[in-house]
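Analysis of the macromolecular model
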Amino acid sequence: MQYQSQKVAMPYFIAAIGLFTGQILFGLIMGLQYVMGDFLFPAIPFNVARMVHTNLLIVWLLFGFMGAAYYMIPEETESELFSPKLALLMFWIFLVAGALTIVGYLLVPYAGLAQMTFNDLWPTMGREFLEQPLPTKLGIVVVALAFLFNISMTILKGRKTSIALVLLMGLWGLAVFFLFSFYNPSNLVLDKYFWWWTVHLWVEGVWELILGSLLAFVLIKVTGVDREIIEKWLYIIVAMTLITGIIGTGHHYYWIGTPEYWQWFGSVFSALEPIPFFMMTVFAFNMVNRRRREHPNKAATLWALGTGVMAFLGAGVWGFLHTLAPVNFYTHGTQITAAHGHMAFYGAYVMVVLTIISYAMPMMRGRAANSEKAQVMEMWAFWLMTVSIVFITLFLTAAGILQVWLQRVSETPLGFMATQDQVTLFYWLREISGVIFLIGLIVYIASFFVEGETKEAA
Amino acid sequence: MPTPSITLHNHKPGAPPGDLVIWLFIFAELLAFGIFFGAYAFSRSHHVELYNQSQLLLNRESGAINALVLITSSYFVVRAVAAIKQGFSRECANWIAGAIGLGGVFIVIKLLEFNAKFSAGISLSTNTFYMFYLSLTVFHFMHVILGMVILTAVMLKARRGGYTPEDHTGVETGASYWHMVDLVWIILFPLVYVIR
Amino acid sequence: MSQTFTKSMARNIFFGGSAFFFLLLVALTFDTMQVLPKRDHRENITPAVERGKMVWEKNDCIGCHTLLGEGAYFAPELGNVYKRRGGEFVKSWIKSMPTKVPGRRQMPQFNLTDQELDDMVAFLKWTGEINTSKWPPNIEG
């Protein structure tokens, strides 16, 4: 660690891992509710558990992105953070606001929460992933602005690298497109149309800029490959991302009342969306193969390579699987979507945040890498979590294919619940994979507490 | 191996002219157009009647003139490359200026055609054929503009004497891109305007 | 002049490509906005439909159900529920929740007023009339 202010990233990373654990626990509750419908009912109905599961995911990834930015930017710009105090203050505000929101979800019926938080004045709640009460949404905007101010000022006064620039654009884009969450017209079609401007343009747009720059940063550090080469790759990858992903938004505009030409635009451009992910995989492996140094942190390298592969599989391959309009006609809104969602989020965003944590945490604790023992444990966690997410995805895909067949394709279609009863086996298998994922996560957390011989950070 | 150009440092004999990344870019562009053309053909096979009727209403004359205009401009950039290989910077710049001028002619003819279509009330939602017609031609239209921007940059540099017989990758790069724009129209025009 | 592909070229492709395709998205959005009134039948959005959407949102229905295929996959699609079951069934179903059948998925009791139930049905009826390009494939959603 070269700059003192980088250390503010530490609480962000710790909070991220903590919330990640919460996300997984609620995921397991939901998984169980899929097969034991009345589990924890009425204390935690499914919709509440899901809200907690998805919102925790978003919030902890944001914590991870912010921590990553606070860690990377001083090193990239070669100057201390503009204001480490502001960063720390925002950390606590965000954590408290996030925690209060989750507690609100769990303790107050949602309609009551809406009442308490002035949803009638400016209704924004009750839409998927954007369930947060108005004060929380406003809080997110305030925190994001303070964060962006801090990062932008640091970049302005320091060295301006391409990695920093791409990261900054991704983060600003994140903030800008979040503003669409405040637009909630009474016309459902318009609502859905612009809802995607937050959701799609986040995960298949600006978040990928953040993903790319985090990955590029870690690859420079662990491989020692020339910055010029890595940054060129970064630009080409993010260029392909936006060139395909922006019009790729159209793959959400097939069946929600939007004009039919979107079926063509969405299909053509989202069919190209795997390209940047494929390039990312090639990029990661290529850079590691051409490494100019043997970095002692093998675990971080593994996470970086894993990100490339799993992002390509989850976002690229599983996305392509159901993105063409004639296929999507049958698969839209089934477990196939859930399968894709799980592997894409894990492969792209969870793994890249764990990559930067894996690289930065030892540095912040005053060593170049963790002890051999701790790293072996972390790699075990890597494999446990990654393999179980692959199985979760496979089981959900199987459930989805059966669901499509029984409920949508069949000459004598079954009803929704009758279909669900037919695929219970796969839901059980998914839940077991989920338990193994949790074990992987516990091993991961435990790896932080393993002592052993380490080298001083350079 | 995608993007070999990123790591390639010297122009090897047998490699295509111009910078390799422009070939990567051209390849990506042709892939995108190729998918669109494939989609068009696929959709056409399902609505042959509709396509035949709608195609009759297109202005084939302006499409054909535009094809000739682009082919001529392609010849001009060929001459530009030949000129710079002998070190004639000014001549090279003039040929490129001619190509840009023909690009402008293409744009004007195309705008007249679009204007006629839009005033007839045709939009993306009129029918599937017009969706493809408008998407493909507008998409190509934007590429013509981009090609003209690239050629302008090359022309200005050539005028300043920025290229030599030994080092004129920039001219070849611009020329390659312009040929691609031309090639796409040569496929697009018969496909959308003529073949029934 | 460098013979190779430089970083600044890559950057130009990034900026140029992103700007181009974002403008294309804006242009297509503009066109979509012109076409939508014919497909969403917004003239039928009565105050009841508007209130119904509020009821839908305030109870986080999307947390279990899909609506036009978007939402959670725990409970049935409701975009076409008005056609599948009719308004009266929807109302009595919501009122009789939860079923408390052991082991079955449970829907909470939301204590909706009669007015809210009517609004919800109005909202679902209007939603069912949106032109969704023939989706879902069949009445089961």
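In this convention, every chain numbers its residues from 1, walking through the sequence in written order. Think of it this way: whatever chain is written first is A, whatever ligand is written first is 1, and the rest follow in order. Only residues with pLDDT of 70 or above have their local features reported here, since the model is predicted, and side-chain atom pairs are shown and tallied only from 80 upward, although totals for entire chains, interfaces and linings are computed over all residues.

1. Remarks on the overall build of chain C
To be explicit about the condition: We count a stretch as a helix when DSSP gives it H or I for four or more residues in a row; a strand needs E for two or more, and each element gets its number in order from the N terminus. Residues are called buried when their C-beta atom has 20 or more other C-beta atoms within 10 Å, exposed when it has 12 or fewer, and partly exposed otherwise; all C-beta atoms are positioned from the backbone. Once C-beta atoms are placed from the backbone, any two residues with those atoms within 7 Å are in contact.
Of the regular secondary structure elements, chain C holds 5 helices and 2 strands. Each helix and strand of chain C, ordered N terminal to C terminal, gives the series α-α-β-β-α-α-α. The burial tally for chain C puts 45% of its 141 residues in the buried class. Residue pairs in contact within chain C that sit at least 24 positions apart in sequence constitute 65% of those at least 6 positions apart.

2. Considering the overall build of chain A
Within chain A, the secondary structure is distributed over 16 helices and 0 strands. Viewed in the frame of its principal axes, chain A has a C-alpha envelope of about 65 × 45 × 45 Å.

3. Examining the environment of Lys221(A)
All names here are of chain A. Position of Lys221 relative to the elements: it lies in helix H7 (residues 188–223). The class for Lys221 is buried, based on 20 C-beta atoms found within 10 Å. In this structure, the C-alpha to C-alpha distance between Lys221 and Tyr359, residues 138 residues apart in sequence, is 8.7 Å.

4. So, the interface of chain A and chain C
Contact with chain A, which involves 59 residues of that partner, is made by 58 residues of chain C. Among the secondary structure elements, those contributing two or more residues to the side of chain A that touches chain C are helix H2 (46–77), helix H4 (110–116), H7, helix H8 (227–248), helix H12 (325–331), helix H13 (335–364) and helix H14 (372–409) of chain A.

5. Re the packing of helix H3 (residues 60–85) of chain B against helix H6 (residues 169–194) of chain B
The description of two packed helices rests on the angle between their axes and on the distance between the axes. Residue and element names in this part refer to chain B. Threshold: Interaxial angle, 0 to 180 degrees, is taken between N-to-C directions of lines fitted to C-alpha atoms, where a helix line uses only the stretch in contact. Note on terminology: angles under 35 degrees are roughly parallel, angles over 145 are roughly antiparallel, angles of 65 to 115 are roughly perpendicular, and the others are oblique. Here a crossing is taken to be left-handed if its near helix is turned anticlockwise relative to the far helix by less than a right angle, and right-handed if that turn runs clockwise. Residues were grouped as follows: Ala, Val, Leu, Ile, Met, Phe, Trp, Tyr, Cys and Pro as nonpolar; Asp, Glu, Lys and Arg as charged; and all remaining residues, including Gly, as polar.
Taken N-terminus to C-terminus, the directions of H3 and H6 make an angle of 160°; their axes are 9 Å apart at the nearest point. By the angle class used here, H3 and H6 are roughly antiparallel. At the point where H3 passes H6, the crossing takes the left-handed sense. Listed contacts from H6 to Arg60, Gly63, Asn66, Ala67, Leu70, Ile71, Ser74, Val77, Ala80, Val81 and Ile84 of H3 are Val171, Glu172, Ala175, Trp178, His179, Asp182, Trp185, Ile186, Phe189, Tyr193 and Val194. Residues belonging to the contact of H3 with H6 are distributed by class as follows: 15 nonpolar, 4 polar and 3 charged.

6. Quick notes on the packing of helix H6 (residues 162–178) of chain A against H7(A)
All names here are of chain A. One way to put it is that H6 packs onto H7 with a least axis distance of 8 Å and a crossing angle of 160°. Relative to H7, the element H6 lies roughly antiparallel. Every pair of crossing elements has a handedness; the one defined by H6 and H7 is left-handed. Counted by class, the contact of H6 with H7 contains 17 nonpolar, 6 polar and no charged residues.

7. Thoughts on unusual backbone geometry
In the segment running from Phe41(A) into Pro42(A), the intervening peptide bond is cis, with an omega of 0°. Tracing the backbone through its elements, the reader meets Pro42(A) in the loop between helix H1 (9–35) and H2. Omega for the bond connecting Trp135(C) with Pro136(C) falls within 30 degrees of zero, at -5°, which places this linkage in the cis form. By the secondary structure assignment, Pro136(C) is in the segment after helix H5 (114–128). Non-glycine residue Glu78(A) carries a positive phi angle of around 55°. Note that Glu78(A) resides in the loop between H2 and helix H3 (84–107). Overall, Glu78(A) belongs to the exposed group, with 11 C-beta atoms counted inside 10 Å. Phi at Phe129(A) is positive, roughly 70°, even though this residue is not glycine. With respect to the secondary-structure elements, Phe129(A) resides in the loop between H4 and helix H5 (134–157).

8. Regarding H6(B)
As a reminder of what qualifies: A helix is expected to span 1.5 Å multiplied by its residue count minus one. Take the seven residues that end at a residue and the seven that start at it, fit an axis to each, and the angle between those axes is the bend at that residue.
If you check H6(B), its first and last C-alpha atoms are 37 Å apart, about what 26 residues at 1.5 Å a residue would give, namely 38 Å. For H6(B), the principal kink sits at Leu188(B) and spans about 25°; a proline, Pro190(B), occurs within the next four residues.

9. Things to note about the confidence of the model for chain C
What counts is decided by this rule: Confidence per residue, as judged by the predictor, is encoded in pLDDT with a range of 0 to 100.
Averaged over all residues, the pLDDT of chain C is 93; the fraction at 70 or higher stands at 97%. Across the assembled chains, the prediction reports ipTM 0.96 with pTM 0.90.

10. What to know about the environment of Ala10(C)
By the secondary structure assignment, Ala10(C) is in helix H1 (residues 7–40). Separated by 61 residues in the primary sequence, Ala10(C) and Gly71(C) have C-alpha atoms spaced 38 Å apart. In this structure, Ala10(C) is in contact with Lys232(A), Tyr235(A), Ile236(A) and Phe5(C), ignoring residues within four places of it in sequence.

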